[in-house]
Amino acid sequence: MSKRTLTAMPRRRVLHERAAPLPDRSASRPASFPEPEHTEIMLGEYMQRRERVLKSLGKSAALVFAGTEGGEHFAVNPFFFHLTGIANESGAVLLFDPTSDDPRKRVILFLRPLNPEADRWDGLREHLSGALRARLGFRTVLRTTQLPMWLANAARRAKSLACLHPFVQHTQNVTEDLATYRKVAERMVGVQIEDRTDVLPRMRAAKSRTEISLIKHAIDITHEGFLSAMRTLAPDVGEAAIQQSLEQTYASRGGQGLAFGSIVGSGLNATVLHYRANSGPTNAGELVVIDSGAKFGGYCADITRTLPVNGRFSRQQRAIYDVVLMAQEAAINACRPGASLWEIDAAARSVIEHADLGDFFIHGIGHHLGLEVHDIDPRTPLEPGAVVTIEPGVYIPDQKLGIRIEDDVLITSRGRQVLSEAIPKTAPEIERVMGER
Ligand SMILES: [Mn+2]
């Protein structure tokens, strides 16, 4: 589909969680803060994604579930969101039915029936209509009460049902598509269940231009937050004040929530990987690990910087900091299409081991980033368009010292582009920005 057709499509805001009006950023906006290229994903892009799934299925029929998790605070399944842009329809289901003789019925969206009493509490919902179909970008929208009949007909024709939701471990609940297919297969003969769980993760791994621009904007907002954290940090300011300066800046720059709960840990707390209390002091001479990210248009940033509380690294802190930085550079240079995260991890690890700090790098090098902060399976191949975090760290509790440096890296056809490269990172850059406070 050409760009021209895309822009001609009806537009819809696809804010992932609470929809907030885009703020007026004309006032008090630093020159370094660019306008996002896109603030939303066009309906046509979602339609293209569904067409790709349909083609990849061959003759098999398949379901994708929006889920019901979160109840009142419904959190849509990201695979469903990626194919529809619909975040607020708990219980909705997509049916792919490639063997239907009616092309309008090959992709059907099923929505829960209206419930006027519940909907007064949870949000008013629309009757099925042409206007609703146009707004959602579907040619056929039905109610979930009709899904069993449509699925039975599809299964009878196709004789094959494809699992699209990634499988889970035996201690977790069976995925909703597999559970449903088993019930169908018990009720008619000759229906196969197929593993096509690679399709959606691969699609989500390779980000479109629009998705990259949304991630880039989330990173730009996060950049502003880190600058204000750098200018706020001082002895006795405390972790909580740093968290506030980050998160208030995100909100004032148009951020739409947090990608995850910010981590601000000073001294010993910097060595706790998932430290969330953010309630400790910031003592002179300590290092503070700040791991945080804003969200924009549904997409996440995930950045870590390590800052000296007094604005200057000690000689010994600086020596270890530079090892972690070199390890990060080695890992970033290993990022290219076809590389695996394990190879990239090894590049960083060999630098850290060479400095005799191998036992203190206790986690993996990074993860995919997108709609979720830990987006899709880390074993998903790095193809152009993939965005990964690169975050080596060294943690020495005996010395109350933790250092982690994390950037968000786009895999390009030629190699990589560090999307967060503008955020001060070398020790001299950090000391310069902290000196401005
Ligand atoms: Mn991360």
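About the cut-offs
Residues numbered from 1 in each chain as written. Predicted model: local features only at pLDDT ≥ 70, side-chain atom pairs only at ≥ 80, totals over all residues. Helix = DSSP H or I, 4+ residues; strand = E, 2+ residues; numbered from the N terminus. Rg over C-alpha atoms; globule rule 2.2 N^0.38 Å. Buried ≥ 20, exposed ≤ 12 C-beta atoms within 10 Å, placed from the backbone. Contact = placed C-beta atoms within 7 Å. Domains from an automatic or database assignment. Nonpolar A, V, L, I, M, F, W, Y, C, P; charged D, E, K, R; others polar. Core = buried A, V, L, I, M, F, W, Y, C linked by C-beta atoms within 7 Å. Axes fitted to C-alpha atoms, helices over the stretch in contact; angles between N-to-C directions. Parallel < 35°, antiparallel > 145°, perpendicular 65-115°, else oblique. Left-handed = near helix turned anticlockwise from the far one by under 90°.

Turning to the overall build of the protein chain, a few remarks are in order. A count of helices and strands for the protein chain gives 13 helices and 16 strands. Here the C-alpha atoms of the protein chain give a radius of gyration of 24 Å, agreeing with the 22 Å that 2.2 N^0.38 yields for 437 residues. Dimensions of the protein chain, computed from C-alpha atoms along their principal axes, come out at roughly 70 × 45 × 40 Å. Relative to its 437 residues, the protein chain shows a buried fraction of 43%. Across the protein chain, the fraction of contacts at a sequence separation of at least 24, relative to all contacts at a separation of at least 6, is 70%.

On to the domain arrangement of the protein chain. Here the protein chain is described as being made up of domain 1 (42-203) and domain 2 (208-435). The C-alpha-based centres of domain 1 and domain 2 are spaced at 36 Å. Between domain 1 and domain 2, the contact holds 7 residues from the first and 7 residues from the second. Listing elements by their share of the side of domain 1 that touches domain 2, those giving two or more residues are helix 3 (78-84) and helix 8 (199-205). The greatest single-element share of the side of domain 1 that touches domain 2, amounting to 3 residues, is contributed by helix 3. Across the side of domain 1 that touches domain 2, the residue classes tally to 4 nonpolar, 1 polar and 2 charged.

Moving on, we get to the nonpolar core. Within soluble globular proteins, side chains that are nonpolar generally end up buried alongside one another. With 110 residues, the main nonpolar core has Leu94, Leu95, Ala218 and Val288 as its most contacted residues. Here this core takes 9 residues from helix 9 (residues 209-232), the largest share from any one element. Built from parts of two domains, this core gets at least three residues from each of domain 1 (42-203) and domain 2 (208-435). The contacts of Val288, once residues within four sequence positions are left out, are Leu233, Ile242, Val264, Gly265, Ser266, Ala270, Thr282, Thr306, Leu307 and Val309.

Let's shift gears to unusual backbone geometry. One non-glycine residue, Lys159, lies in the positive phi region at around 60°. Relative to the assigned elements, Lys159 resides in the loop between helix 6 (147-158) and strand 5 (160-163). For Lys159, a count of 15 C-beta atoms within 10 Å gives the class partly exposed.

Packing of helix 11 (residues 315-333) against helix 12 (residues 341-354) brings their axes to within 8 Å, and their N-to-C directions diverge by 150°. Taken together, helix 11 and helix 12 sit at an angle that is classed as roughly antiparallel. Between helix 11 and helix 12 lies a crossing whose hand is right-handed. On the side of helix 11, the interface is formed by Val323, Met326, Ala327, Gln328, Ala330 and Ala331, while helix 12 contributes Ile344, Ala347, Ala348, Val351 and Ile352. Here the residues of the contact of helix 11 with helix 12 sort into 10 nonpolar, 1 polar and no charged.

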